[in-house]
Amino acid sequence: MSGGAAWRGNIKARLYERVRESGYDSLTAFAEARPTASLVALAGELGADDVAGVQVFSGLVAEAERSKQLTRLLRGHFVRELYACLPNGWPSVLDDDARLEVAIALGNWFAHTPETHKERVDRAGDALLAHPPPPGWQPLGPDDELLRTLLPDEEA
């Protein structure tokens, strides 16, 4: 993205036009078809020159709030962060380097979390550190059994 093009014009219209051009009815469906892609990768696929990852995430949050699926979205976002920071899955040993990568993944997850869910995401991150998943663990999406245990749906 160059020259601030992502911030010009009607951002929402551009984003949803690109989603429809890609064959999807919603940004959520587009993103869920790529469960391990980063927000930057999703934005790049929708328009490398005029779509930003933060715009994609904002649209995903809006859709998740309307459908009462915010917790599911946040689990999905953790999957994206985990793949970006730990491409080989959860480390077998939390040495200094591995602990840093885990901290970055958890920190990015928390940073993107809306205020309404920060406490729950923080507790889930603490639980992962206190009781690490098996080495190599890489959830494939928001419906991963361990993720659902750590951050269960609360929306009705």
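Residues numbered from 1 in each chain as written. Predicted model: local features only at pLDDT ≥ 70, side-chain atom pairs only at ≥ 80, totals over all residues. Heavy atoms only, no water.

1. A word on the overall build of the protein
Within the protein, the regular secondary structure consists of eight helices and zero strands. Computed over its C-alpha atoms, the radius of gyration of the protein comes to 16 Å, within 12% of the 15 Å expected for a compact globule of 156 residues. When the backbone C-alpha atoms are referred to their principal axes, the protein occupies close to 45 × 35 × 25 Å. Counting across all 156 residues of the protein, residues that qualify as buried make up 44%. In the protein, once contacts between residues fewer than 6 apart in sequence are set aside, the share between residues at least 24 apart is 65%. Surface exposure of the protein reaches about 8,300 Å², of which carbon and sulfur atoms provide 53%. Charge separation in the protein, taken as the distance between the mean sites of 16 positive and 24 negative side-chain charges, equals 6 Å. (Helix = DSSP H or I, 4+ residues; strand = E, 2+ residues; numbered from the N terminus. Rg over C-alpha atoms; globule rule 2.2 N^0.38 Å. Buried < 20%, exposed > 50% of the residue type's maximum accessible area, 1.4 Å probe, protein only. Contact = heavy atoms within 4.5 Å. Areas by Shrake-Rupley, 256 points an atom, 1.4 Å probe, with all protein chains shown as cover. Lys, Arg positive; Asp, Glu negative; His and termini not counted. Charge placed at Lys NZ, Arg CZ, Asp CG, Glu CD.)

2. Remarks on the layout of surface pockets
Space inside the largest pocket adds up to approximately 240 Å³. Lining the largest pocket are 19 residues, and of these T28, E32, R72, L73 and P142 sit closest to its centre. Mapped onto the lining of the largest pocket, the elements with two or more residues apiece are helix 2 (27-32), helix 4 (53-66) and helix 5 (70-85). For the lining of the largest pocket, the leading source of residues is helix 5, giving six residues. Along the lines of polarity and charge, the residues of the lining of the largest pocket split into nine nonpolar, six polar and four charged. (1 Å grid on protein atoms, 1.4 Å probe; cavity = no way out; pocket = protein on both sides within 12 Å on 5 of 7 lines; lining within 4 Å. Points joined across faces, edges and corners; volume = space filled by probe spheres on them. Nonpolar A, V, L, I, M, F, W, Y, C, P; charged D, E, K, R; others polar.)

3. What about a negative patch on the surface?
A cluster of like negative charges, contributed by D95, D96, D97 and E101, occupies part of the molecular surface. The residue D96 is located in helix 6 (residues 96-111) in this model. (Patch = residues over 30% accessible without salt bridge, like charges linked within 9 Å, V, L, I, M, F, W, Y side chains within 5 Å. Salt bridge = Lys/Arg side-chain N within 4 Å of Asp/Glu carboxyl O.)

4. Some thoughts on the confidence of the model for the protein
Chain-level statistics for the protein give a pLDDT mean of 92 and a share of 96% at 70 or above. No element of the protein has a lower mean pLDDT than helix 1 (residues 11-21), at 92, and none a higher one than helix 2, at 97. (pLDDT = per-residue confidence, 0-100.)

5. A closer look at the nonpolar core
Counting 36 residues, the largest nonpolar core has L27, L46, V56, F78 and W109 as the members making the most contacts within it. Those elements giving two or more residues to this core turn out to be helix 1, helix 2, helix 3 (39-47), helix 4, helix 5, helix 6 and helix 7 (118-130). By residue number, the principal contributor to this core is helix 5, which donates eight residues. If we skip the residues at most four places from it in the chain, V56 touches L15, L27, L39, L42, A43, L46 and V51. (Core = buried A, V, L, I, M, F, W, Y, C linked by side-chain atoms within 4.5 Å.)

6. Concerning helix 4
Helix length check: helix 4, at 14 residues, gives a terminal C-alpha distance of 20 Å against a target of 20 Å (1.5 Å per residue), a fit within 8%. Within helix 4, the full set of buried residues consists of G53, Q55, V56, F57, G59, L60, V61, E63 and A64. Tucked into the core, helix 4 has its buried residues touching helix 1, helix 2, helix 3 and helix 5. K68 sits one or two positions beyond helix 4 and adopts a positive phi of about 55 degrees. (Expected span 1.5 Å × (residues − 1).)

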